[in-house]
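# Per-entry structural report
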Amino acid sequence: MKQIVIEIIENALKELDVSVPENLSTLIETPKDYTNGDFAFACFSLAKELKKSPQQIATDLRELMHNPPEEFEEIQTSGPYINFYLNRKLLAQNLIQEIKDKGNDFGSAEALNKKLVIEFPSPNTNKPLHLGHLRNMAIGESISRIAQANGYEVVRANLNNDRGVHICKSMLAYQRWGEGKTPIDAEEKSDHFVGDFYVKFAEELKKDSKLEEESQEMLKKWEAGDSEIIALWKKMNAWALDGFKQTYKKFGITIDKEYFESQIYKEGKDIILGGLEKGIFQKREDGAIVINLEDEKLGEKVLLRSDGTSIYITQDIYLAKVKFDDFNPDESVYVTGNEQEYHFKVLFSVLDKLGLTDKEKLKHLAYGMVNLPNGRMKSREGTVVDADDLISEIQSLVKKELEARDTLEEKELENRSLKISLSALKYFLLKVDVKRDMVFNPEESISFEGDTGPYCQYSYARASSIMRKAGEKPEVIYPEELEDKEAELILKINEFKKVVADAYRTMNPALVANYAYKLSQVFNEFYHSCSVIDSIYKGLRLELTDSFRQVLKNALNLLGIQVIEVM
Ligand code: ARG
């Protein structure tokens, strides 16, 4: 539609003998209030060249616009603005048909022949997932879906940081105090079982500072391939990974490619040594290999320790290359907390200097911190909030709500409450701009009213219920003019494709979440002001209801949220 507006303006400008501004497309705005039209062109920027007031230019241009094409009902001037009004009836007709034809694919672009590798949630295998990982997974999965809707082929990759001194800490504590027990003996989810020993280590360290050194020694033994240590590591890693897998499944994420730090950390060293030979890196007096990034104001960064042991960035340098070798992506995105911003700046710069990957293709999607309201639910570790525990807590809150409304069979209660809980959680985590720190409020997140996932699900279920109760569907008749709320609904639906594109361009699922909320609100207003079932326009209004249902479903799907037919 915008293209048509551009053409109309271009033609008028040509008739006026004015050069067409290069940024014409960006000069066309979408008015906040639809009573000012669906597109608006401001004439200020032409005033200088034409030596006329913007008001006059608007009037002159409007006159040259002759008869608008059928897609537009009206073109009006308002002071220095020219406002374009879409032909809403035609728009409704076209959209209803397109949504019917495309169904779940409505809003999705044609395949682009472009590939995205997106890495998330990339946990460490010494302890279970926490609230930060939930934000990570919600963002990673949502961006993956948004990318797919924009025509990308998407590879979801996960790096398991499964080696290093932090892993040895859990192992050491288990060796000392585990009494050979297993998670089954302890009747505990296996990654939580591993995490308990990480906590135990920290506690014991307070009494015995030698433990720190011992964990370093254990790491050396691990690197040397000591069979006893390797066996212990394999056993505990499997417990951690198995627990993660259950959480991924419950949360609804899938992973296409698993990477393991233990399998790649050595190769990183070779690349660093190669870079040293080429003079890209320097050897410091103490023997550490470093890169000087003063030019980029990133200071000096160690890439390999003096004792030759690799550090966090060492394996990442190799992994970046492996991803390009494995998939040859057009874009490679990393999802992590924003405390790693410096790390990724350095990483991308090093990769660029080594000529390993194109800097343009790399992106760090850094999200802000997420906390619970003060004083709420601390986990075993005392500081971070456990992911599984939080999901369970939300689910029991939702169950209570559902039980107060209705008697449901055990299985249905379980099923429905989980879907609502995940929608509450994902929506709340995604509605906030990715970059911002946030407070996750469990009670607020599950409310059926307000800016929440359950409110959107509820709106969907309401539309479903209307469709179920509708009975026969009469022929669609269009009134002389659509009611305001009908028009508003159709205009909102019409925005969906732009939202999908913008959300990927800005890598921000919040745009989709905010859209889903607005769309639900507009639908609820439509439903309250236009009766559906007892109206001569029943046919049309059912079609609008059904279109809304489909588009909201598609929007929520981009957030990883499943709809339910009955709340
Ligand atoms: N495991 C790391 C952490 O928990 C995140 C890894 C992010 N990915 C990467 N390629 N460095 O902090």
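Predicted model, so just to flag it, every value in this text is computed and none were measured. (Residues numbered from 1 in each chain as written. Predicted model: local features only at pLDDT ≥ 70, side-chain atom pairs only at ≥ 80, totals over all residues. Heavy atoms only, no water.)

## Digging into the overall build of the chain
In terms of regular secondary structure, the chain is built from 21 helices and 14 strands. In terms of overall dimensions, the chain has a C-alpha envelope of 85 × 65 × 40 Å along the principal axes. The buried share among the 567 residues of the chain stands at 53%. Across the chain, every contact between residues at least 6 apart in sequence was considered, and the portion connecting residues at least 24 apart equals 73%. Charge centroids of the chain, computed over 76 positive and 96 negative side chains, lie 3 Å from each other. (Helix = DSSP H or I, 4+ residues; strand = E, 2+ residues; numbered from the N terminus. Buried < 20%, exposed > 50% of the residue type's maximum accessible area, 1.4 Å probe, protein only. Contact = heavy atoms within 4.5 Å. Lys, Arg positive; Asp, Glu negative; His and termini not counted. Charge placed at Lys NZ, Arg CZ, Asp CG, Glu CD.)

## Some remarks on the site of the ligand
Around the ligand, the structure places Glu-119, Ser-122, Pro-123, Asn-124, Leu-159, Asn-161, Tyr-312, Asp-316, Tyr-334, Thr-336, Gln-340 and Phe-344. Between the ligand and the protein, one listed contact pairs a nitrogen atom with a side-chain N or O atom of Glu-119 at 2.6 Å. Here a nitrogen atom of the ligand and a side-chain polar atom of Asn-124 are 2.7 Å apart. Computed on the free molecule, the ligand has an accessible area of 350 Å², of which 86% lies beneath the protein chains in the complex. Secondary structure elements with two or more residues in the shell around the ligand: helix 13 (312-327) and strand 11 (331-337). Looking at the shell around the ligand, its residues break down into five nonpolar, five polar and two charged. (Near = heavy atom within 4 Å. Polar contact = N/O pair within 3.5 Å; in protein donor to acceptor, adjacent residues only side chain to side chain. Areas by Shrake-Rupley, 256 points an atom, 1.4 Å probe, with all protein chains shown as cover. Nonpolar A, V, L, I, M, F, W, Y, C, P; charged D, E, K, R; others polar.)

## Let's talk about the pattern of salt bridges
This model, assessed by the stated rule, comprises 34 salt bridges. The salt bridge involving Glu-543 is made with Lys-100; its shortest N-O contact spans 2.6 Å. Of this pair, Glu-543 sits in helix 21 (residues 538-558) while Lys-100 sits in helix 5 (residues 88-102); the two residues are 443 residues apart in sequence, bridging distant segments of the chain. Overall, Glu-543 belongs to the buried group, its relative accessible area being 18%. (Salt bridge = Lys/Arg side-chain N within 4 Å of Asp/Glu carboxyl O.)

## Let's talk about the sheet that holds strand 1 (residues 28-29)
The four strands lie next to each other as 1-2-4-3, forming an open sheet whose pairing is antiparallel. Of all strands in the sheet, those with a lone pairing partner are strand 1 and strand 3 (72-78), marking the two edges. Contacts from helix 4 (residues 54-64) reach strand 2 (39-42), strand 3 and strand 4 (81-86) within the one sheet, and its direction differs from that of strand 3 by about 155°. (Pairing = 2+ DSSP bridges. Axes fitted to C-alpha atoms, helices over the stretch in contact; angles between N-to-C directions.)

## Points about the sheet that holds strand 8 (residues 282-283)
The three strands are arranged 8-9-10 in an open sheet whose pairing can be described as antiparallel. Two strands bound the open sheet, and with one partner strand each, they are strand 8 and strand 10 (299-304). Here strand 8 pairs with strand 9 (residues 289-293) via two bridges, running antiparallel. Looking at strand 9, one finds that Lys-283 is bridged to Ile-289. Sitting on the sheet, helix 14 (residues 341-354) touches strand 9 and strand 10, and the angle it makes with strand 9 is about 95°.

## Observations regarding the packing of aromatic side chains
A full pass over the atoms with the stated rule returns 22 aromatic pairs. When the ring of Phe-193 is compared with that of Trp-239, the centres are 5.3 Å apart and the planes differ by 85°; the resulting orientation is edge-to-face. Here the residue Phe-193 occupies a position in helix 9 (residues 190-207), and Trp-239 occupies one in helix 11 (residues 227-251), the gap between them amounting to 46 residues. Considered together, Phe-193 and Trp-239 belong to a single accessibility category, that of buried residues. Ring geometry for Tyr-334 against Phe-344: centres 4.8 Å apart, planes inclined by 50°, an arrangement best described as tilted. Here the residue Tyr-334 occupies a position in strand 11, and Phe-344 occupies one in helix 14, the gap between them amounting to ten residues. The two residues Tyr-334 and Phe-344 agree in class, both being buried. (Phe/Tyr/Trp six-rings, centres within 6.5 Å; stacked < 30°, edge-to-face > 60°.)

## Structural notes on the pairing of strand 4
The element strand 4 is extensively covered by neighbouring structure, given that five of its six residues are classed as buried. Bridge count for strand 2 against strand 4 is four bridges, and the pairing is antiparallel. By the bridge assignment, Phe-41 is partnered in strand 4 with Ile-82. Bridge analysis of strand 3 against strand 4 gives six bridges, and the strand direction is antiparallel. Pairing of Ser-78 across the sheet is with Tyr-81, part of strand 4.

## Examining a negative patch on the surface
A surface patch of negative charge is lined by Glu-73, Glu-74, Glu-480, Glu-481, Glu-483 and Asp-484. Looking at the secondary structure, you find Asp-484 in helix 19 (residues 484-505). (Patch = residues over 30% accessible without salt bridge, like charges linked within 9 Å, V, L, I, M, F, W, Y side chains within 5 Å.)

## Observations regarding the confidence of the model for the chain
Put simply, the chain has an average pLDDT of 94, and 98% of its residues get 70 or more. Below a pLDDT of 50 lies the segment residues 377-381, which in the model reaches 17 contacts outside its immediate sequence neighbourhood of four places, other chains included. (pLDDT = per-residue confidence, 0-100.)

## Digging into the environment of Val-302
Relative to the helices and strands, Val-302 resides in strand 10. For Val-302 and Asn-292, which are ten residues apart along the polypeptide, the C-alpha to C-alpha distance reads 9.0 Å. Beyond its immediate chain neighbours, meaning those up to four positions away, Val-302 contacts Arg-284, Ala-288, Ile-289, Val-290, Ile-311 and Ile-313.

## Regarding the packing of helix 13 against helix 14
Between helix 13 and helix 14, the least distance of the axes is 10 Å, while the angle of their chain directions is 50°. Overall, the two elements helix 13 and helix 14 adopt an arrangement that is oblique. At the point where helix 13 passes helix 14, the crossing takes the right-handed sense. Contact residues: helix 13 offers Tyr-312, Ile-313, Asp-316, Ile-317 and Ala-320, while helix 14 offers His-343, Val-346, Leu-347, Val-350, Leu-351 and Leu-354. Residue composition of the contact of helix 13 with helix 14, grouped by class: nine nonpolar, one polar and one charged. (Parallel < 35°, antiparallel > 145°, perpendicular 65-115°, else oblique. Left-handed = near helix turned anticlockwise from the far one by under 90°.)

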